[in-house]
Amino acid sequence: MKKFIFVAVLMFFCMTAASAYGVGGVVGARALAIGNIGVTYSDQWSVLNNPAGMASLHSWSIGAYYENRFLLKETALKNANLNIPLNIGTFGVSVQQYGYEKYNENRFTIAFARAFGPYLRIGLSLDYLLFCFSDGYDRLSAATVGIGAQSDLSEKIHLGAYIFNPTASKTKTLTKSKIPIIMRFGISYDICEEVVASAEVEDETDIGLRIKTGIEYKAFGDFFIRAGFASNPGRVCFGAGYSVGRLTIDISSQIHQKLGPTLQCGLIFKVKKQKEAE
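Because the structure is predicted, anything quoted here is derived from the model rather than measured.

1. Some details on the overall build of the protein
In step 1: Within the protein, the regular secondary structure consists of four helices and 14 strands.
In step 2: In the protein, buried positions account for 51% of the 278 residues.
In step 3: Considering only intrachain contacts with a sequence separation of at least 6, the fraction spanning at least 24 residues in the protein is 49%.
In step 4: On the protein, roughly 13,200 Å² of surface is accessible, and the fraction owed to carbon and sulfur atoms is 66%.

Structure below.
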């Protein structure tokens, strides 16, 4: 009973003072290693971080992600997704859960992205949110959307913007609890072939403004070293990634200023290229 009360209080603090962890938050060990920055990138986790990034993907791929928040299984986040690039654009499907059996937040996402010329990409996601409680409490649910865009100002400068829940959706209950509106804008700069620096601004209802900065360094071959910082609350981030054949492994960690460390791990497997699937 004491453990349940502790976890409940911790999860409440996480959701109100730290981040929108299960709903609308940034996912992927790569993104979290560089300070929770994902709006300008095109990778496996773009389906949630900014669906516009899916338009630059060229291979069918499957991803799995696990995040052990504050080293507690009760505050873990799990995600699995699939990206399917076709001639008309790229489709993405994602299933995600945060929490444990007595309380969990679930997000089911279908997304589509398309490039409009060489410098503009736009993506749209449809999300169904389900909040489950212990026995004796009703489930809460809501449906919403996400809209994102990316643009290349040059070969070195890349912009990204994303808004989650622009419709200000609420749960389908008498109380109609609010789903947060989250807006992100970011920029990435390719300092050289091996180094990319990024910055992102995020604004979330009831939380306020967050500033994020990060850097990714291609040390050698397909081995990457990453580091970053995020504010509100302050988090120091770092991690690494390595690709071998069709498999990519990313690991990262964040140190929360009050709640301690969080560990992340992601796996990506490229199934086949677009031309092989047609």
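2. Digging into the side chain of Ser-94
In step 1: Counting through the fold element by element, Ser-94 comes out in strand E3 (residues 89–100).
In step 2: In terms of polar contacts, Ser-94 uses its side chain to reach the side chain of Asn-79, at 2.9 Å.

3. Re the packing of aromatic side chains
In step 1: The full count for this structure, using the stated rule, is five aromatic pairs.
In step 2: With a centroid separation of 5.3 Å and 50° between ring planes, the pair formed by Tyr-103 and Phe-133 is classed as tilted. Taken together, the residues Tyr-103 in strand E4 (residues 103–115) and Phe-133 in strand E5 (residues 120–133) connect sequence positions 30 residues apart.
In step 3: In this structure Phe-133 comes out as partly exposed when scored by relative accessible area, which is 32%.

4. As for the confidence of the model for the protein
In step 1: Here the protein averages 89 in pLDDT, and 88% of its residues register 70 or above.
In step 2: Strand E7 (residues 157–164) holds the highest mean pLDDT among the elements of the protein, 98, whereas helix H1 (residues 2–18) holds the lowest, 43.
In step 3: This model gives residues 1–21 a pLDDT under 50, and the stretch forms 45 contacts once residues within four places in sequence are excluded.

5. Let's talk about the nonpolar core
In step 1: Within the largest apolar cluster, 17 residues are counted, with the highest numbers of intra-cluster contacts made by Val-27, Leu-32, Trp-45, Val-47, Met-54, Tyr-65 and Leu-77.
In step 2: The element best represented in this core is helix H2 (residues 29–33), accounting for three residues.
In step 3: If we ignore the near neighbours within four places in the chain, the residues touching Leu-32 are Val-26, Val-27, Tyr-65, Glu-67, Cys-237, Ser-252, Gln-254 and Gln-264.

6. Observations concerning the layout of surface pockets
In step 1: Its boundaries defined by the atoms lining it, the largest pocket holds a volume of some 1,100 Å³.
In step 2: Along the wall of the largest pocket there are 37 residues; nearest its centre are Arg-30, Tyr-41, Ser-42, Asp-43 and Glu-216.
In step 3: Put simply, the parts of the chain that give the lining of the largest pocket at least two residues each are strand E1 (59–68), strand E6 (140–152), strand E8 (182–190), strand E10 (208–220), strand E11 (223–230), strand E12 (235–244), strand E13 (247–256) and strand E14 (260–273).
In step 4: In terms of residue class, the lining of the largest pocket is built from nine nonpolar, 14 polar and 14 charged.

7. A few points about a nonpolar patch on the surface
In step 1: On the surface, Val-93, Ile-110, Leu-124, Leu-126 and Ile-147 cluster together into a nonpolar patch covering about 440 Å² of accessible area.
In step 2: Position of Leu-126 among the secondary structure elements: in strand E5.
In step 3: With relative accessibility at 49%, the residue Leu-126 sits in the partly exposed group.

8. Topic: the pattern of salt bridges
In step 1: According to the stated counting rule, one finds 13 salt bridges in the structure shown.
In step 2: The salt bridge involving Arg-30 is made with Asp-43; its shortest N-O contact spans 3.3 Å. Linking Arg-30 in helix H2 with Asp-43 in the loop between H2 and helix H3 (46–49), this pair joins segments that are 13 residues apart in sequence.
In step 3: Exposure remark for Arg-30: the relative accessible area of 16% places this residue in the buried category.
In step 4: For Asp-43, a relative accessible area of 12% gives the class buried.
In step 5: In this structure, the salt-bridge partner of Glu-67 is Arg-69, at a minimum N-O distance of 2.6 Å.
In step 6: Counted as one network, the salt bridges with shared partners bring together Arg-184, Glu-200, Glu-202, Glu-204, Arg-210 and Lys-212.

The rules we used
Residues numbered from 1 in each chain as written. Predicted model: local features only at pLDDT ≥ 70, side-chain atom pairs only at ≥ 80, totals over all residues. Heavy atoms only, no water. Helix = DSSP H or I, 4+ residues; strand = E, 2+ residues; numbered from the N terminus. Buried < 20%, exposed > 50% of the residue type's maximum accessible area, 1.4 Å probe, protein only. Contact = heavy atoms within 4.5 Å. Areas by Shrake-Rupley, 256 points an atom, 1.4 Å probe, with all protein chains shown as cover. Polar contact = N/O pair within 3.5 Å; in protein donor to acceptor, adjacent residues only side chain to side chain. Phe/Tyr/Trp six-rings, centres within 6.5 Å; stacked < 30°, edge-to-face > 60°. pLDDT = per-residue confidence, 0-100. Core = buried A, V, L, I, M, F, W, Y, C linked by side-chain atoms within 4.5 Å. 1 Å grid on protein atoms, 1.4 Å probe; cavity = no way out; pocket = protein on both sides within 12 Å on 5 of 7 lines; lining within 4 Å. Points joined across faces, edges and corners; volume = space filled by probe spheres on them. Nonpolar A, V, L, I, M, F, W, Y, C, P; charged D, E, K, R; others polar. Patch = residues over 30% accessible without salt bridge, like charges linked within 9 Å, V, L, I, M, F, W, Y side chains within 5 Å. Salt bridge = Lys/Arg side-chain N within 4 Å of Asp/Glu carboxyl O.

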